[in-house]
Amino acid sequence: MKKNIEYNEDGAAPCKHCKRNKIKSYPYISQVDDLYYAKCPHCNHFDPYEFLGISKKRAIEHWNETMEAGVK
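Small disclaimer: the values here were computed from a predicted structure and weren't measured. (Residues numbered from 1 in each chain as written. Predicted model: local features only at pLDDT ≥ 70, side-chain atom pairs only at ≥ 80, totals over all residues. Heavy atoms only, no water.)

Time to look at unusual backbone geometry. For lysine 22, which is not a glycine, the phi torsion comes out positive at approximately 65°. Tracing the chain through its elements places lysine 22 in the loop between helix H1 (16-20) and strand E1 (28-32). For lysine 22, a relative accessible area of 78% corresponds to the exposed category. Of note, aspartate 33 is a non-glycine position whose phi angle comes to about 55°, a positive value. One can find aspartate 33 in the loop between E1 and strand E2 (35-39). (Helix = DSSP H or I, 4+ residues; strand = E, 2+ residues; numbered from the N terminus. Buried < 20%, exposed > 50% of the residue type's maximum accessible area, 1.4 Å probe, protein only.)

See the structure below:
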């Protein structure tokens, strides 16, 4: 069972790297041409193209897959 994760209004989980440093940081979503990118505004721990999606929803889903991994 996963811990209780607090999602933002877009359904994104907080950055797990920042959470280790006691910072609750949700991603911002930027659009470049027809692609969307989810990126943490507080750290540069992840590759900028790691959370790429063809829609805002898909970018957030990719983000959540990584941020929820290992949470028990």
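Next comes the rest of the account.
Once the charged atoms of two side chains with opposite charge are near each other, the side chains can pair. Going through the model one piece at a time under the given rule, you end up with 3 salt bridges. With its nearest N and O atoms 2.9 Å apart, the salt bridge here joins glutamate 6 to lysine 24. Residue glutamate 6 is located in the segment before H1, and its partner lysine 24 is located in the loop between H1 and E1; the two are separated by 18 residues in the primary sequence. Its relative accessible area of 49% is what places lysine 24 among the partly exposed residues. Linking aspartate 10 and lysine 56 is a salt bridge whose minimum nitrogen-to-oxygen distance equals 3.6 Å. In this pair, aspartate 10 sits in the segment before H1 while lysine 56 sits in helix H2 (residues 56-68), placing the two residues 46 residues apart along the sequence. What makes lysine 56 partly exposed here is its relative accessible area of 37%. (Salt bridge = Lys/Arg side-chain N within 4 Å of Asp/Glu carboxyl O.)

Pairing geometry for E1 and E2, over 5 bridges, is antiparallel. Bridged to serine 30 within E2 is tyrosine 37. Counted between consecutive antiparallel strands, the loop separating E1 from E2 contains 2 residues, among which aspartate 33 sits at a positive phi close to 55°. (Pairing = 2+ DSSP bridges.)

Moving on, we come to the sheet that holds E2. The strand order E1-E2-E3 describes an open sheet built from 3 strands, whose pairing is antiparallel. Bordering the open sheet on either side are E1 and strand E3 (52-53), each of which pairs with just one other strand. Direction of pairing for E2 relative to E3: antiparallel, over a ladder of 2 bridges. In the sheet register, tyrosine 37 faces E3, and the bridge partner there is leucine 52. Where H2 meets the sheet, it contacts E1, E2 and E3, and its direction lies at approximately 35° from that of E2. (Contact = heavy atoms within 4.5 Å. Axes fitted to C-alpha atoms, helices over the stretch in contact; angles between N-to-C directions.)

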